[in-house]
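# Coordinate analysis (summary)
So you can see what is in the structure, the chains are spelled out below.
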Amino acid sequence: MRLFLVRHGDADAEIPEGLGDEARALTAKARANTALHFASLAERMGPISLILTSPLVRTVQTSQILSAATKHEGLLRVHRCLLPDMPVGAVEPVIAEHADQNLVLVGHQPSMGALAAHLLGMQSFPKPVNPGTVIALERAEEAGAPLKFLFYAAPGQQVLDVIQ
């Protein structure tokens, strides 16, 4: 199992009139940059079985861009466990349910950084999880062991295979 934690791309700072934060969409620049970033990672990510996303507009848009950039033809589903105010533990049953698949979770910060730290057995994730960042993990051989770190890819930066 490979697990990819993705923070949504840059969203418009202004909340649409009459709507809440959940309606903020990606900026045009973010859509273009995120597509290029994800396309550059497509081969490294390999085949994806399922993409789960927070229901907020910016994460759904990010998921759609990721799906197109990686030529993913499988499912893209919205899941409440990825909402910004959900505790990290809310995602664990979903990960367990899809333990035999390559899974992408598209969510928010600080949730994605906290989830990465939790799954790696760290106090905190040592790198910033900027918009568009992808953190790749892999299931360790031993049952119950923390997941293994594969790579960290923040837009506009070199992909890191080791974090400190």
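Here, residues in each chain are numbered from 1, in the same order as that chain's written sequence. For a predicted model such as this one, the threshold for reporting local features is a pLDDT of at least 70, and the threshold for listing and counting side-chain atom pairs is 80 or more; totals across whole chains, interfaces and linings nevertheless cover every residue. Processing note: side-chain calculations cover all non-hydrogen atoms of the structure and skip hydrogens and water entirely.

## Describing the sheet that holds strand 2 (residues 50-53)
- Whether two strands pair comes down to DSSP finding at least two bridges between them. The helix and strand labels rest on DSSP assignments: H or I over at least four residues marks a helix, E over at least two residues marks a strand, and numbering proceeds from the N terminus. Sheet architecture is open: six strands sit in the order 3-2-4-1-5-6, paired in mixed fashion. Looking at which strands have only one partner, the edges of the open sheet turn out to be strand 3 (75-78) and strand 6 (148-153). Neighbour to neighbour, the strand axes of the sheet diverge by 20° on average, direction disregarded.
- As defined by bridge partners, strand 2 adjoins strand 3 across four bridges and the pair is classed as parallel. Each residue of the ladder has a partner; that of Leu52, found in strand 3, is Arg77.
- Packed on one face of the sheet, helix 1 (residues 28-45) meets strand 1 (2-7), strand 4 (103-107), strand 5 (134-138) and strand 6 and runs near 155° to strand 6. Every axis in this analysis is a line fitted to C-alpha atoms, fitted for helices over the stretch in contact. Angles between the N-to-C directions lie between 0 and 180 degrees. We call two residues in contact when some of their heavy atoms are within 4.5 Å.

## Details of helix 2 (residues 57-69)
- Over its 13 residues, helix 2 runs 18 Å from end to end, which matches the ideal 18 Å to within 8%, given 1.5 Å per residue.
- Taken as a whole, helix 2 has its buried residues at Arg58, Thr59, Thr62, Ser63, Ile65, Leu66, Ser67 and Ala69.
- Of the surrounding secondary structure, the elements contacted by the buried residues of helix 2 are strand 1, helix 1, strand 2, strand 3 and strand 4.
- One or two residues past the end of helix 2 sits Lys71, with phi positive at roughly 55°. Expected helix span is taken as 1.5 Å per residue step, with the number of steps being one fewer than the number of residues. Burial classes: relative accessible area under 20% of the type maximum marks a residue as buried, over 50% as exposed, and values in between as partly exposed (1.4 Å probe, protein chains only).

## Observations regarding the pattern of salt bridges
- The rule for a salt bridge is simple: a side-chain nitrogen of Lys or Arg has to be within 4 Å of a carboxyl oxygen of Asp or Glu. One pass over the full model with this rule turns up five salt bridges.
- As a salt-bridge pair, Asp21 and Arg24 come within 2.6 Å of each other at their nearest N and O atoms.
- Relative accessible area serves as the criterion here: at 31%, Asp21 is assigned to the partly exposed category.
- The exposure class of Arg24 is buried, given its relative accessible area of 15%.

## Focus: the packing of aromatic side chains
- A pair of Phe, Tyr and Trp rings is counted when the ring centres sit within 6.5 Å of each other, with Trp represented by its six-membered ring. The angle between the planes then sorts it: under 30 degrees is stacked, over 60 is edge-to-face, the rest tilted. By the definition in use, this model includes two aromatic pairs.
- Residues Phe4 and Phe151 carry aromatic rings whose centres are separated by 6.3 Å and whose planes lie at 45° to one another, so their mutual orientation is tilted. Linking Phe4 in strand 1 with Phe151 in strand 6, this pair joins segments that are 147 residues apart in sequence.
- With a centroid separation of 6.0 Å and 40° between ring planes, the pair formed by Phe125 and Tyr152 is classed as tilted. Of the two residues, Phe125 is situated in the loop between helix 4 (111-120) and strand 5 and Tyr152 in strand 6; the sequence distance between them amounts to 27 residues.
- Assessed through its relative accessible area of 11%, Phe125 is described here as buried.
- By relative accessible area, Tyr152 is classed as buried at 1%.

## A closer look at the side chain of His108
- Looking at the element boundaries, His108 is found in the loop between strand 4 and helix 4.
- Sequence-distant contacts of His108, that is, excluding residues within four places in its chain, are made with His8, Ser54, Leu56, Arg58, Thr59, Leu82, Leu83 and Pro84.

## Some details on the nonpolar core
- Core analysis: the largest hydrophobic core is formed by 27 residues, its most contacted members being Leu3, Leu5, Leu105, Phe125, Ile135 and Leu137.
- Counting residues per element, the ones that place at least two in this core are strand 1, strand 2, helix 3 (92-97), strand 4, helix 4, strand 5 and strand 6.
- Those residues in contact with Leu105 that lie beyond four places of it in its chain are Leu3, Phe4, Leu5, Val6, Leu52, Leu82, Val91, Ile95, Met112 and Leu115.
- Grouped together as the second largest cluster of nonpolar side chains are 19 residues, Phe4, Ala30, Ile48 and Ile65 included. For our purposes a nonpolar core is just a set of buried Ala, Val, Leu, Ile, Met, Phe, Trp, Tyr and Cys residues, chained together by side-chain atoms within 4.5 Å.

## Structural notes on the pairing of strand 2
- Because side chains alternate across strand 2, one face comprises the buried residues Leu50 and Leu52, and the other comprises Ile51 and Thr53, equally buried.
- Assignment of crossover handedness uses the view with strands pointing away from the viewer, where a clockwise path from the first strand over the helix to the second indicates a right-handed crossover. The handedness of the strand 2 to strand 3 crossover, carried by helix 2, is right-handed.
- Sheet topology note: the strand 2/strand 4 ladder contains four bridges and is parallel. What sits directly across from Thr53, in strand 4, is Val106.

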